[in-house]
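Observations on chain architecture
Here is what each chain is made of, one letter per residue.
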Amino acid sequence: MKSMTVLLQDITHREQYENVTSFVGEDKSGSFGILPGHDRFMTPLAMGLCRFKTPQNDWLYVATAGALLYFHDNRLCLTTRHFLIDNDYGRISAVLAEQFLNEETRLHDQKQSLRQMEEEVIKRLWELRRSGVAYSHDEF
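Predicted, not measured: the structure shown is a model, and the values here were computed from it. (Residues numbered from 1 in each chain as written. Predicted model: local features only at pLDDT ≥ 70, side-chain atom pairs only at ≥ 80, totals over all residues. Heavy atoms only, no water.)

**Quick look at the layout of surface pockets**
Here the largest pocket is characterised by a volume of approximately 310 Å³. Considering the residues around the largest pocket, the lining is formed by 15 residues, among which A65, R81, H82, Q99 and E103 are closest to the centre. At the level of secondary structure, the elements contributing two or more residues to the lining of the largest pocket comprise β7 (59–64), β10 (83–86) and α1 (89–130). If you tally residues by element for the lining of the largest pocket, the top one is α1, at six residues. Here the lining of the largest pocket is composed, by residue class, of seven nonpolar, five polar and three charged. (1 Å grid on protein atoms, 1.4 Å probe; cavity = no way out; pocket = protein on both sides within 12 Å on 5 of 7 lines; lining within 4 Å. Points joined across faces, edges and corners; volume = space filled by probe spheres on them. Helix = DSSP H or I, 4+ residues; strand = E, 2+ residues; numbered from the N terminus. Nonpolar A, V, L, I, M, F, W, Y, C, P; charged D, E, K, R; others polar.)

So this is what it looks like as structure tokens:
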């Protein structure tokens, strides 16, 4: 049976898996699969889960916040900022859901902070104009 190598790498570590028989991922066009012998291929993966089949016929699930996939000469390389890998779909789905929630909360907090800063700048400009202080747009 034909096989391929899967290399997962992020900013802190890398893991390599030999004799992989299939890979399933998702990009902006939708879900797709790669089998050994596939033509050269490159695509950015969507945030979420992808998976590949080990020689023991088990699926390993990989959670990423987006990744770049490159396949060439039966070697699939997945490069991302951070990845988690697990053979338990339920467990890794729960971790991924928690990370999405944390990311959403952090994004909401950043937007709120930017709104407050914007309001303070507008308030300060209004106060300066009201007090008669002249300014030009070039000063900012």
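**Examining the pairing of strand β3 (residues 22–27)**
Sheet analysis places β3 next to strand β6 (residues 48–53), joined by three bridges and oriented antiparallel. The partner of F23 across the bridge, within β6, is F52. Where β3 hands over to strand β4 (residues 30–34), the hairpin turn is made up of two residues, counted between the paired strands. (Pairing = 2+ DSSP bridges.)

**Thoughts on the pattern of salt bridges**
Two side chains bearing opposite charge may form a pair once their charged atoms approach each other closely. Summed over all chains, the structure comprises two salt bridges. One salt bridge connects R91 with D86, and the closest N-O pair in it is separated by 2.6 Å. Overall, R91 belongs to the partly exposed group, its relative accessible area being 45%. Between R124 and E127 there is a salt bridge, with the nearest N and O atoms lying 4.0 Å from each other. Placement of both R124 and E127 in helix α1 is noted, with a separation of three residues, approximately one turn of the helix. (Salt bridge = Lys/Arg side-chain N within 4 Å of Asp/Glu carboxyl O. Buried < 20%, exposed > 50% of the residue type's maximum accessible area, 1.4 Å probe, protein only.)

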